[in-house]
Amino acid sequence: MSDPSPWAIEAEGLGKKYRRGWALRDCSFRLGAGHICALVGPNGAGKSTFLGSATRLVQPTTGSLRLFGVPVSDPAVLERVAFLAQDKPLYPRFTVAETLRLGRELNPRWDQALAERIVRAGNVPLTARIGTLSGGQRTRVAFALAFGKRPDLLLLDEPMSDLDPLARHEMSGLLMAEAAEHGTTVLMSSHMLSEMEDMCDYLLVLAEGRLRMAGGTDELVPAHTLVTGVAAGDGVPEELTRRHTVVESRVTGRQFTALIRPGGPLSDSWEAQSPSMEEVLLAYLRSPEAPTMIADEARLDGPRAAAA
Amino acid sequence: MSGTTQAASPSRTERAVAPDGGSAASGARRELLHKLPWLVWRRHRAALRLGLLITVVACAVFAYQRMGIMDFLGGRSAPDLDGQQAEEFQNRFNSTFKFDLAFLTFLPGIVGVFLGAPLIAGEQEHGTLKLVTTQSASRARWITATLVLPLAVVVVCTTLLSVVFHWMWAPAHEIAAFGDWLDSGIFESTGPVLPARTLLFTVCGIAIGMLAKRVVTAMAVTAVFAAVFSVIWAAKVRHQLGTLRDSVYPYDGDGPDLPPGSIRIDDWLSTAGGDLFGISTCNDDETGACRAKLGIVNRVTQYFDYGQMTGMQWLGAGILLALTVAALAFVIWRARRRPL
């Protein structure tokens, strides 16, 4: 893509305060174009707030957010970003064809053939009213509307949550195929950790409104080790805390298990395993006090070489 | 995945024909509106079409009723009618005017409740606001299209209704609704007042809907607002729109001699110098001593002349439009500034 900015998203000190407190605080990272990125976090972690500020539905209290180098406050970003909200709002009285016409009328980069292909592949009749469609069919139309816009960045808020396993599988396939074909950057929030592992190559983890982890999965996941050993009393053995960063630890009977970020070689008394992405994510979600990990490529002040 | 695609492909060719054929047939009509105006029309087309239809039907009915009135008058002007003819006019046309005036008096509130209140509240309640405001059109353009198209239809329809009703009522204005052009509803149903009143209730409905974010709540609040506003308007505002004229005549003389079509508002007693006393002053005065003591020599009748009606209507419409502009500014300001 002939784009001046290689960064799909650059957030700097992004924060949103509601009357009841901060929903998102001091969020700084960047996401390179072309990634499929998972946005993970428990309910109320700030995922929807972040997606809202990227789609101009939420006005950030602090900080700045740029999409492809353009500040999000500039209406020009709308053309390049598509958003699929969690409840997939569509006009229930519109037919499928009228819904696609909505996309055509409101988006200069609209790709009618692509949108119709997505709809037809699911055997959704163009003359049917949206209100009469099943959940899976509605989601497919919403996907068609999002993809037909030909966005450079596709933001999805729990896109698969209300789908049956079959439709979910189909939609993931569609998403991956379309994103790969058009080089679309995708950022999706989800609770389906195992599915994320198959689809995503980049991770953003939010908890309690703060960014806990950001970076490529190929960098973040191998940076962790799952260690097992004999429990020696309560608490984490000093040997681990001295040289390594302990994310989460657990004692089961006489067995001690911990997920650590090794700071050097491990002693032989520990049995080390490579964790799956799901195991790493769960560990971070369970331990809000664990140290934050932002990979170099996700840092705003990261190596300039990568940007050039 | 591939199995599904295979199964779908035979029917794909058949389907491709149907929508193209469909859009070609209606293509000519659809060329009229594009982009956001198309979306706004499509979203509200049932309500807007109904509004246009009702306008056309009502105008036709008014024209038909005018034919009846002109037939009855047969070239005479209304003040020339004698008592019996005037009574016959009331027998034949009073219910007609009552019905027409009820329709035109309630119309603004109905438009406010059924078009204004759900206009943005509906999008907020169903989440479709998130859909339209994340397409490529900016929020400013969205709110402009959302407001301009329905309000333009409102202005066109109500102006037409006002003009046609005025055309029907004017030949008989001295006797229609017993000649009361001020408080019978005619004041609100003709001239610029009908469009202004409808615009105000519609825009206030939109603003209320924007704050309530729920269609049913917004409709209920708008209905209450329209009712309360109308009561206050009738009680406090309408009679202040013009300056009362005085007709002075001797206490024991004949009078008052009011111009045709004028509305009698109040009666007073007055001194030669023009000091006013309530009509019941010196009620029990048989000898005239009480009046003599106060210097009461005249009676005064205060009235609005028919010639004042147009000026009063424009002043009233000006007030209504000023309120409309304020409400509209609030709606636009909020829509642009606040993520809804």
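Just so it is clear, the structure is predicted and the values come from calculations on it, not from any experiment.

Colleague: Would you take a moment to explain the overall build of chain B for this structure?
Modeller: On a plain count of helices and strands, chain B comes out with 11 helices and 4 strands. Expressed as a percentage of its 340 residues, the buried residues of chain B come to 45%. Within chain B, contacts between residues separated by at least 24 positions form 79% of all contacts whose residues are at least 6 apart in sequence. Here chain B displays about 16900 Å² of accessible surface, and carbon together with sulfur accounts for 62% of that area.

Colleague: Is there a simple way to think about the sheet that holds strand β10 (residues 210-216) of chain A in this case?
Modeller: Two modes of strand pairing occur in sheets, parallel and antiparallel, and in both the strands are linked by backbone hydrogen bonds. Residue and element names in this part refer to chain A. Sheet architecture is open: 7 strands sit in the order β6-β7-β8-β3-β9-β10-β15, paired in mixed fashion. Every interior strand has two partners, whereas the edge strands, β6 (81-84) and β15 (293-294), have only one. Here strand β3 (residues 36-40) pairs with strand β8 (residues 185-189) via 4 bridges, running parallel. Note on β8: the bridge partner recorded for Leu 39 is Ser 189. With respect to the sheet, helix α9 (residues 277-286) is in contact with β3, β9 (202-207), β10 and β15, its orientation differing from that of β9 by roughly 20°.

Colleague: How should helix α8 (residues 193-212) of chain B be read in this particular structure?
Modeller: Along an α-helix, residues three or four apart share an orientation, since each turn contains 3.6 residues. All names here are of chain B. For α8, spanning 20 residues, the distance from its first C-alpha to its last is 28 Å, which sits close to the expected 28 Å at 1.5 Å a residue. Within α8, 18 of the 20 residues are buried, leaving the element largely enclosed by the surrounding structure. Once α8 ends, the next one or two residues include Lys 213, with phi positive near 60°.

Colleague: Help me understand the pattern of salt bridges, please; the structure alone is not making it clear to me.
Modeller: Between side chains of opposite charge, pairing is possible as soon as their charged atoms come close. A full pass over the atoms with the stated rule returns 17 salt bridges over all chains. Residues B:Lys130 and A:Asp87 are paired through a salt bridge, measuring 3.6 Å at the closest nitrogen-oxygen approach. Taken as a pair, B:Lys130 in helix α5 (residues 128-132) and A:Asp87 in the loop between β6 and α2 (96-106) lie in two separate chains rather than in one. Taking the shortest distance from any N to any O, the salt bridge between A:Glu248 and A:Arg286 comes out at 2.6 Å. Taken together, the residues A:Glu248 in strand β12 (residues 245-252) and A:Arg286 in helix α9 connect sequence positions 38 residues apart. Overlapping salt bridges, with partners in common, bring together A:Arg80, A:Arg109 and A:Asp152 in one network.

Colleague: What is the right way to read the packing of helix α4 (residues 83-125) of chain B against helix α9 (residues 215-237) of chain B from this model?
Modeller: A packed helix pair is summarised by two numbers, namely the angle formed by the two axes and the spacing between the axes. Residues and elements named next belong to chain B. For the pair α4 and α9, interaxial distance at closest approach is 8 Å and the crossing angle is 150°. On the basis of their axis angle, the class for α4 and α9 is roughly antiparallel. In terms of crossing hand, the pair formed by α4 and α9 is right-handed. Within the contact between the two elements, α4 uses Gly 109, Gly 112, Val 113, Phe 114, Ala 117, Pro 118, Ala 121, Gly 122 and Glu 125 and α9 uses Val 215, Ala 218, Met 219, Thr 222, Ala 223 and Ala 226. When its residues are assigned to classes, the contact of α4 with α9 shows 10 nonpolar, 4 polar and 1 charged.

Colleague: Can you help me understand the environment of A:Ala82 in this one?
Modeller: Residue and element names in this part refer to chain A. As for its position among the elements, Ala 82 is in strand β6. Once the C-alpha coordinates of Ala 82 and Thr 55 are considered, the two residues, 27 residues apart in sequence, prove to be 8.1 Å apart. Excluding anything up to four places from it in sequence, Ala 82 contacts Ala 146, Lys 149, Pro 151, Leu 153, Leu 154 and Leu 155.

Colleague: Help me out: how do you make sense of empty space enclosed by the protein in this one?
Modeller: Gaps between atoms show up when a probe of the same size as a water molecule is rolled over them. This model, assessed by the stated rule, comprises 4 cavities of 30 Å³ or more. Considering only enclosed or pocket space, the largest cavity measures out at about 130 Å³ in volume. In terms of lining, the largest cavity is formed by 15 residues, of which the most central are A:Phe83, A:Leu84, A:Leu145, B:Leu131 and B:Gln135. Residues belonging to the lining of the largest cavity are distributed by class as follows: 10 nonpolar, 2 polar and 3 charged.

Colleague: Honestly, the packing of aromatic side chains in this entry has me stumped. Any pointers?
Modeller: For any pair of aromatic rings, geometry is given as the distance between the ring centres together with the angle between the planes. All chains considered together, the criterion is met by 17 aromatic pairs over all chains. On the basis of an interplanar angle of 20° and a centroid distance of 6.3 Å, the ring pair of A:Phe143 and A:Phe147 is categorised as stacked. Residue A:Phe143 and its partner A:Phe147 are located together in helix α4 (residues 135-148), separated by 4 residues, close to a single helical turn. The pair formed by A:Phe143 and A:Phe147 is uniform in burial state, with each residue classed as buried. Chaining the aromatic ring pairs together yields one cluster made of B:Phe201, B:Phe225, B:Phe229 and B:Trp233. Taking the ring centre of B:Tyr251 as reference, the NZ or CZ of B:Arg299 above it sits at 4.3 Å.

Colleague: Any chance you could explain the sheet that holds strand β11 (residues 225-230) of chain A here in plain terms?
Modeller: Residues and elements named next belong to chain A. Here we have 4 strands laid out as an open sheet, ordered β12-β13-β11-β14, and antiparallel in their pairing. Each of the sheet's edge strands pairs with one partner strand only, and the pair in question is β12 and β14 (271-273). Taking the axes of each pair of neighbouring strands and ignoring which way they run, one obtains an average angle of 20° across the sheet. The pairing of β11 with strand β13 (residues 255-261) spans 6 bridges and is antiparallel. Bridge pairing in β13 places Val 230 opposite Gln 255. Sheet contacts for α9: β11, β12 and β13; angle to β12, the most-contacted strand, approximately 90°.

Colleague: Is there a simple way to explain the layout of surface pockets in this structure?
Modeller: The calculated volume of the largest pocket comes to roughly 960 Å³. Lining the largest pocket are 37 residues, with A:Tyr18, A:Ser48, A:Thr49, A:Leu57 and A:Val58 positioned closest to its centre. Mapped onto the lining of the largest pocket, the elements with two or more residues apiece are β1 (7-18), β2 (21-32) and α1 (47-54) of chain A together with α5 of chain B. Among the residues making up the lining of the largest pocket, the classes are represented as 13 nonpolar, 12 polar and 12 charged.

Colleague: I would appreciate a short explanation of the domain arrangement of chain B in the present structure.
Modeller: Note on interface size: it is often stated as the accessible area lost on association of the parts. Residue and element names in this part refer to chain B. Taken domain by domain, chain B holds domain 1 (24-240 + 309-337) and domain 2 (245-307). A C-alpha centroid distance of 40 Å is found between domain 1 and domain 2. On the side of domain 2, 7 residues touch domain 1, which itself brings 11 residues to the contact. Taking both partners together, domain 1 and domain 2 bury about 820 Å²; carbon and sulfur atoms supply 69% of that area. In this structure, the connection of domain 1 to domain 2 is made through 0 salt bridges. Between the two partners, domain 1 and domain 2, sit 3 residue pairs in polar contact (both at pLDDT 80 or more).

Rules behind the numbers
Residues numbered from 1 in each chain as written. Chains lettered and ligands numbered in written order. Predicted model: local features only at pLDDT ≥ 70, side-chain atom pairs only at ≥ 80, totals over all residues. Heavy atoms only, no water. Helix = DSSP H or I, 4+ residues; strand = E, 2+ residues; numbered from the N terminus. Buried < 20%, exposed > 50% of the residue type's maximum accessible area, 1.4 Å probe, protein only. Contact = heavy atoms within 4.5 Å. Areas by Shrake-Rupley, 256 points an atom, 1.4 Å probe, with all protein chains shown as cover. Pairing = 2+ DSSP bridges. Axes fitted to C-alpha atoms, helices over the stretch in contact; angles between N-to-C directions. Expected span 1.5 Å × (residues − 1). Salt bridge = Lys/Arg side-chain N within 4 Å of Asp/Glu carboxyl O. Parallel < 35°, antiparallel > 145°, perpendicular 65-115°, else oblique. Left-handed = near helix turned anticlockwise from the far one by under 90°. Nonpolar A, V, L, I, M, F, W, Y, C, P; charged D, E, K, R; others polar. 1 Å grid on protein atoms, 1.4 Å probe; cavity = no way out; pocket = protein on both sides within 12 Å on 5 of 7 lines; lining within 4 Å. Points joined across faces, edges and corners; volume = space filled by probe spheres on them. Phe/Tyr/Trp six-rings, centres within 6.5 Å; stacked < 30°, edge-to-face > 60°. Lys NZ or Arg CZ within 6 Å of the ring centre and 35° of its normal. Domains from an automatic or database assignment. Buried area = accessible area lost by both parts, 1.4 Å probe. Polar contact = N/O pair within 3.5 Å; in protein donor to acceptor, adjacent residues only side chain to side chain.

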